[in-house]
Structure formats: structure tokens, C-alpha cells
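Residues per chain, in single letters:
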Amino acid sequence: MKRAIEGAEPEWPPLREVMAERVWRNVLQPIAGTLRQAAAAVAADTVSLVRDEVPELFVDAQTVDEATSSTEESVRLFAQLLEVGGNPAHSDLPPSTLAIMRSAVWRQIPLSWHSRFYRLAHEHVWRWLHKHILEETLDGPERALAVDLATTMLLQFVDRAMTRADDAYEVERDTWLQGAAASRAAAVDDVLAGRDNDARALSARLRYDLNRHHVGIIVWLNGSSAPGSLLALSDAVAEIARANGAESSITHPLGSLAVAGWFSSRHEFGPDLKFELGEKRTSVFRKGLKVAAGRPAHGIDGFRLTYVQAGHARRVAALFPPEDVGITRYQDIALTALCVADPEHAIRFVRQTLGSLAAEDESTFRLAMTLHVYLRENRSRARAAAELSVHPNTVNYRVRQAEELLGRSIDENSLELRVALMMIPILKRLDVARSSGA
């Protein structure tokens with residue numbers, strides 16, 4: 001959207017009256033600029049508010065991130081509209097919001113939940129505007145007019161947005177109900193929920209043989225959704241399936257930026273499963289594509305189990321910085337997943353076990369990681385030094401320093417010590433997970 005040209009007439013008719021235009025330029029334009037810059041913070045506060053009121057909308061951290069990103073785009077769009085004096089009747093939904101409305105149909109989320117989201121978001125943004133108008137004006141006609149103009153524009157903007165969102169939902173629902181995808185999604189839900197154990201009938205509904213060996217994966221993107229994201233993610237599942245010689249595969253949407261997938265074979269899968277994608281695929285997603293994988297398992301119970309394991313792998317992957325995550329295999333993080341199922345308990349365990357060695361400064365972290373590698377390598381200075389690219393004497397020195405911070409020998413409670421050290425790299429994000437409840 002173009003910025004207003006100094007002196008140019010605003011597009012929105014109510015702003016064209018002399019006093020209204022003066023109030024807009026002197027009061028509302030500067031506030032709109034502030035709102036545009038504060039869009040991320042306002043969106044985060046809005047989503048936090050809505051999570052308390054409509055928790056059903058937020059089934060995992062992914063849906064929280066999607067809602068926050070979409071809300072930020074909408075707040076910024078309204079701020080720009082107010083800043084340039086645009087007509088809210090001509091505004092449109094951000095692509096991320098359209099993607100969320102489509103995925104809501106696939107996940108069978110009632111439209112009323114999203115309508116509630118809009119109403120709560122409208123109230124929060126209005127309170128933000130009202131507060132800033134009171135701070136920038138004195139009591140009198142100018143303040144009253146500024147409040148009236150901002151309120152009216154926001155009401156019209158939200159009405160337009162809700163209408164477009166409702167339309168997008170209805171169009172997608174009609175398409176969904178007419179297609180075989182609805183039947184398949186319902187069958188997947190029935191399998192995962194254990195509502196139906198008739199493998200033959202479910203296989204027919206899924207068009208996927210459940211009496212085989214399966215590998216469950218979750219594929220998702222970090223960042224904003226784009227047109228065709230879910231189709232591209234489904235293609236990625238198919239590519240992984242082909243790379244492992246699978247005979248069939250299916251996908252199931254988990255949101256606008258994530259899909260669950262399974263691939264199967266009549267024969268057992270070997271230990272060296274491949275989850276890497278070709279360089280072309282990686283560049284298409286700007287290296288934001290993530291994969292979490294369960295272990296191979298057989299039959300309808302195996303279909304459920306490998307999916308649950310992939311979910312645990314994804315949960316652990318979310319505790320690391322996105323740039324450090326690519327492929328997360330359940331067998332590599334099973335112990336971590338078990339330990340961090342209760343973030344508060346995990347944090348308490350790490351800090352009580354490590355004491356001063358759990359401090360967050362860089363030098364202490366380096367000592368903790370050296371001790372972690374040293375114990376993992378069965379106390380071999382040479383192997384630890386090779387992995388850390390340091391001299392064996394450096395390993396000795398750091399281990400002694402770590403023992404001093406622990407205040408005891410590393411021979412005491414060795415298993416607890418190893419587990420606590422393993423969780424040090426994710427301690428900060430565990431703290432965030434505990435605070436957010438995600």
C-alpha cells in the first residue's frame with residue numbers, strides 16, 4: 001500500500017471533511033505509524049488474549065505461530081490503511097489469513113471459533129488505539145472526533161475482513177465436502193483416535209493399505225505460508241517415500257504450514273532411511289523445510305505409533321533454534337522427548353542436578369558441553385577432543401573446571417548427570433515452553 005503523499009486527499013470519505021482531515025493528519029497518522037511499528041508486539045498480545053478465551057484454536061506451537069504471523073500482517077495492514085487514509089471497503093485479507101481459513105476447513109474447526117478470534121482481536125486493537133489517542137489529545141472535540149474516526153474505520157476494516165474470511169471458509173468447505181479428501185481425513189482421524197480398528201474397511205477409505213510396514217513423518221515450514229504450501233509439503237512427503245522405495249504414501253494436513261505423512265511397504269524398512277530432499281526442493285523452501293520421523297512399525301497399531309513418535313520428534317525439534325533443525329528422528333531424541341514432556345519438571349531437574357554448571361553464560365556452557373561430550377565418549381579424552389576440535393589437555397582442564405562448578409566428582413550419579421547435560425542446549429526454550437504453555 002502506498003504511503004500518503006503530503007497534502008493528498010484521503011480516499012476514505014469521512015476523512016475528507018475539513019476538521020476530520022486535520023485530526024487525521026495531526027493525531028491519527030502519527031498513531032498509525034506507531035501501530036505499524038508495534039504490529040508484532042500487538043499481535044503477540046492479541047494471540048495471548050485469544051488463547052485464554054478460545055484455547056481450542058491452538059492445538060500446538062505451530063498454530064500459535066501461524067495465528068501470530070497472520071494477526072501481525074492484519075494489524076500492519078490496518079495501520080497502513082489508517083496512515084494513508086485508505087478506504088477499508090477496498091481492503092483484502094493477508095495470504096496467511098486465507099491459508100489459515102482453508103486449513104481450518106481441513107481440520108474441521110468451526111467457523112464460530114475464528115469469528116470469536118476476530119471479535120477479541122478487534123477489541124484489543126481498539127483499546128490500543130483508544131489509549132494512544134487519549135495520550136496524544138486533550139479532552140474536547142478533537143479527541144472525540146479522533147476516537148470516532150478510528151473506531152469507525154476499524155469497525156469497517158474488521159467487518160470487511162470477517163466477510164472475506166467467511167467467504168474463503170465457505171468456498172473451501174464446499175470444495176472439501178465434495179472431494180474424497182474429506183473421507184480420507186476422517187478415516188485418518190478415526191485411526192489415530194482408535195475409534196475404528198477394522199483395518200480392511202479403513203484401508204479402503206484411506207486408499208492406503210494399513211496391513212503393511214509404515215513410517216510416519218511430519219513435514220512443516222518455518223515462516224509465512226504461501227499459495228500452494230500444503231501441496232508442496234505433500235509433494236515432499238511423496239519424494240521422501242520414493243527415496244525409501246515405498247509402495248504408497250498418504251498425507252494429512254495439520255495446519256496451513258504442516259502435514260503428517262505415512263509411507264508403506266510390504267517388506268520391512270532397513271535401518272538407513274533417507275529423509276533428505278533434493279537441492280532443488282530445499283531451495284524452493286528457502287531451507288525452511290523441517291522433517292520429523294518416527295520409527296518403522298507394522299499394521300494399524302504401527303500406523304498410530306510411528307505418527308505419535310514423529311510428533312514427539314517434532315516437539316523436541318521445536319526446542320532448538322529453527323536454523324539448527326533439519327531432520328529429527330525419534331530414535332535420536334527418544335530420551336530427550338521423555339525428559340521434556342513436563343518442561344517445568346525438566347528445568348528443575350537440570351538446575352538441581354548441575355547447580356552452577358547450568359549457568360547461561362558462554363564459558364559455563366562450553367564447560368558443560370565439553371563434559372557432555374566427554375561422558376558420551378566413555379571418558380575418552382582423545383575422542384572428545386577430536387569432536388570438539390581442541391587438544392586433549394583442554395578437555396582435561398575443562399572437565400576439572402566443570403567438576404569444581406558441580407562441587408562433586410562426575411562419578412557420582414553419572415546417569416542423572418548425563419541426562420541433565422543432554423538438556424542444557426534446550427534449557428532456554430524449555431523455559432519459554434513452560435511460560436507459554438505450548
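Here goes a summary of the coordinates provided.

1. A short note on the pairing of strand E3 (residues 258-265)
So, point 1. Counting buried residues along E3, eight of its eight residues qualify, which places the element largely inside the surrounding structure.
So, point 2. Covered by surrounding structure in E3 are Ala 258, Ala 260, Trp 262 and Ser 264 together with Val 259, Gly 261, Phe 263 and Ser 265, the residues of both alternating faces.
So, point 3. Pairing of strand E1 (residues 213-221) with E3, which is carried by eight bridges, proceeds in the antiparallel orientation. Counted as the bridge partner of His 214 is Ser 264 from E3.
So, point 4. Relative to E3, strand E2 (residues 248-253) runs antiparallel, the two sharing six bridges. The residue of E3 that forms the bridge with Ile 250 is Trp 262.
So, point 5. Connecting E2 to the next strand, E3, in antiparallel fashion are four residues.

2. A closer look at the pattern of salt bridges
Close approach of charged atoms allows side chains of opposite charge to pair.
So, point 1. Under the defined criterion, the tally for this structure stands at 21 salt bridges.
So, point 2. Here Arg 212 ties to Asp 209 by a salt bridge, and the two come within 3.5 Å at their closest N and O atoms.
So, point 3. With its nearest N and O atoms 3.4 Å apart, the salt bridge here joins Glu 344 to Arg 348. Highlighted residues: Glu 344 and Arg 348, both in helix H13 (residues 343-354), separated by four residues, approximately one helical turn.
So, point 4. A residue is classified by how much of its surface remains accessible, and Glu 344, at 40% relative accessible area, is partly exposed.
So, point 5. When salt bridges with common partners are traced through the structure, they connect Asp 209, Arg 212, Glu 247 and Arg 266 into a single cluster.

3. Regarding the nonpolar core
So, point 1. Counting 76 residues, the largest nonpolar core has Leu 28, Leu 129, Ile 217, Val 219 and Phe 275 as its most contacted members.
So, point 2. Sorting elements by how many residues they give to this core places helix H6 (residues 141-178) first, with 14 residues.
So, point 3. In this structure, Phe 275 is in contact with Val 215, Ile 217, Ile 240, Phe 263, Val 291, Ala 293, Ile 327 and Arg 329, ignoring residues within four places of it in sequence.
So, point 4. Of all hydrophobic cores here, the second largest spans 57 residues; its members include Ala 260, Val 316, Ala 346 and Leu 430.

4. Side note on the packing of aromatic side chains
So, point 1. Under the counting rule described, the total for this entry stands at six aromatic pairs.
So, point 2. Seen in terms of ring centroids, Phe 263 and Phe 269 are 5.5 Å apart; in terms of plane orientation they differ by 90°. Their pairing is edge-to-face. Assigned by exposure class, Phe 263 and Phe 269 land together as buried.
So, point 3. The rings of Tyr 208, Trp 262, Phe 303 and Tyr 307 are connected pair by pair, giving a single aromatic cluster.

5. Examining unusual backbone geometry
So, point 1. The backbone phi angle of Arg 379 is positive, close to 60°, even though this residue is not glycine.
So, point 2. Mapped onto the secondary structure, Arg 379 falls in the loop between helix H14 (362-376) and helix H15 (381-388).
So, point 3. Among the residues examined, Arg 379 registers a relative accessible area of 30% and is labelled partly exposed.
So, point 4. Positive phi is not limited to glycine here, since Ser 389 has a value of about 60°.

6. Examining the packing of helix H2 (residues 39-53) against helix H5 (residues 111-136)
Packed helices, taken two at a time, are described by the angle their axes make and the gap between the axes.
So, point 1. Their axes nearest at 9 Å, the elements H2 and H5 cross at an angle of 135°. Relative to H5, the element H2 lies oblique. Handedness of the H2/H5 crossing: right-handed. Residues Val 42, Asp 45, Thr 46, Val 47, Leu 49, Val 50 and Glu 53 of H2 form the contact with H5, whose participating residues are Arg 116, Phe 117, Leu 120, Ala 121, His 124, Val 125 and Trp 128.
So, point 2. The residue inventory of the contact of H2 with H5, partitioned by class, reads nine nonpolar, two polar and three charged.

About the thresholds
Residues numbered from 1 in each chain as written. Predicted model: local features only at pLDDT ≥ 70, side-chain atom pairs only at ≥ 80, totals over all residues. Heavy atoms only, no water. Buried < 20%, exposed > 50% of the residue type's maximum accessible area, 1.4 Å probe, protein only. Helix = DSSP H or I, 4+ residues; strand = E, 2+ residues; numbered from the N terminus. Pairing = 2+ DSSP bridges. Salt bridge = Lys/Arg side-chain N within 4 Å of Asp/Glu carboxyl O. Core = buried A, V, L, I, M, F, W, Y, C linked by side-chain atoms within 4.5 Å. Contact = heavy atoms within 4.5 Å. Phe/Tyr/Trp six-rings, centres within 6.5 Å; stacked < 30°, edge-to-face > 60°. Axes fitted to C-alpha atoms, helices over the stretch in contact; angles between N-to-C directions. Parallel < 35°, antiparallel > 145°, perpendicular 65-115°, else oblique. Left-handed = near helix turned anticlockwise from the far one by under 90°. Nonpolar A, V, L, I, M, F, W, Y, C, P; charged D, E, K, R; others polar.

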